[in-house]
Amino acid sequence: MSLLQIEDLTVVYEPRGAQPTTAVDRVSLSLEQGEFVGLVGESGSGKSTLGFAITRLAKAPARIASGRIVFDGTDIAGMGAEELRAQRRGGFAMVLQSGMNALNPVRSVGHHFADVFAAHGHVPAPRRRARAVELLDKVQLPATVLDRYPGELSGGMRQRVSIALALSLEPRLMVFDEPTTALDVLVQ
Ligand SMILES: Nc1ncnc2c1ncn2[C@@H]1O[C@H](COP(=O)(O)OP(=O)(O)OP(=O)(O)O)[C@@H](O)[C@H]1O
Ligand SMILES: [Mg+2]
């Protein structure tokens, strides 16, 4: 069984009082555990929309109009918020295009990790700081970054913090949307 099986997925944007756009049109693909798949296409072809749909982060006016998203044997296309939260830990995570701008400017990096650990409860409180330092190390950032605010970091550093936060959920599937755009070639 594939880790992820997408069948005939169609995602439509339906803005109020405007024409609907079919951004993802009957896409099917499957992904095995440990496999990497790259998606290439021109600007506006629906790559980000597909990523948001797969991880169920798509918000109105986006709507999954049809199709199935079977993750690890379960169709998540129609799942509610609580069920989805359970799927995210050890399940799937997404690193956003310009994820570096998704950090909260008034919370330190350490706070961001604390929020994720608290929301998912998978790292015991006494282990949290050490775990955050380990994750930062994976993206080549020093422990001192924990006490910094997003605005005090470079774009590339913020992007790496976003990646470390996504890794903190130990997902089996990660969707990266242009995650290295803000990084220099060595860090890429
Ligand atoms: N919030 C939105 N409301 C309405 N239409 C949208 C919205 N977001 C995206 N679209 C439309 O959906 C289509 C796909 O956009 P998407 O962002 O998925 O493309 P992309 O392949 O990721 O492009 P890029 O390479 O520029 O990041 C485009 O036609 C875009 O105009
Ligand atoms: Mg995009």
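Note that the coordinates shown come from a computational prediction; the quantities given were computed from them, not determined experimentally. Throughout this description, residue numbers start from 1 for each chain and increase along the sequence as written. Chain letters and ligand numbers both follow the written order, the letters beginning at A and the numbers at 1. For a predicted model such as this one, the threshold for reporting local features is a pLDDT of at least 70, and the threshold for listing and counting side-chain atom pairs is 80 or more; totals across whole chains, interfaces and linings nevertheless cover every residue. Heavy atoms throughout the structure, all of them, feed into the side-chain values; hydrogens and water do not.

### Considering the domain arrangement of the chain
Next up, step 1: Where each domain starts and ends follows an automatic or database-derived domain assignment. By the assigned domains, the chain splits into domain 1 (4-79) and domain 2 (99-176).
Next up, step 2: Taking only C-alpha atoms into account, the centre of domain 1 sits 26 Å from that of domain 2.

### Observations regarding helix 3 (residues 109-120)
Next up, step 1: Here a helix means four or more residues in a row that DSSP labels H or I, a strand means two or more in a row labelled E, and each is numbered from the N terminus. Given a helix with a known number of residues, its expected span is that number minus one, times 1.5 Å. Over its 12 residues, helix 3 extends 17 Å from the first C-alpha to the last, a length consistent with the 16 Å expected when each residue adds 1.5 Å.
Next up, step 2: For helix 3, the full list of buried residues reads V109, H112, F113, V116, F117 and H120. Along the axis of helix 3, the buried residues cluster in a sector spanning 130 degrees; they form a single face.
Next up, step 3: Here, residues are in contact when the closest pair of their heavy atoms is within 4.5 Å. Contacts from the buried residues of helix 3 go to helix 2 (81-88), helix 4 (128-138) and helix 5 (155-167).
Next up, step 4: Once helix 3 finishes, G121 follows within two positions and takes phi at roughly 60 degrees, a positive value. Here's how the labels work: a residue is buried when its accessible area is under 20% of the maximum for its type, exposed when over 50%, partly exposed in between, all with a 1.4 Å probe on protein chains only. Taking the helix axis as origin, the arc is that swept by the directions to the C-beta atoms.

### Structural notes on the sheet that holds strand 3 (residues 62-71)
Two orientations exist for strands paired in a sheet by backbone hydrogen bonds: parallel and antiparallel.
Next up, step 1: The criterion for strand pairing is that DSSP finds at least two bridges linking the strands in question. Judged by pairing direction, the sheet is antiparallel, and its four strands sit side by side in the order 2-1-3-4 without closing on themselves. Two strands lie at the open edges of the sheet, namely strand 2 (21-31) and strand 4 (74-75), each paired on one side alone.
Next up, step 2: Where strand 1 (residues 4-13) and strand 2 come together, seven bridges link them in antiparallel fashion. The partner of V12 across the bridge, within strand 2, is T22.

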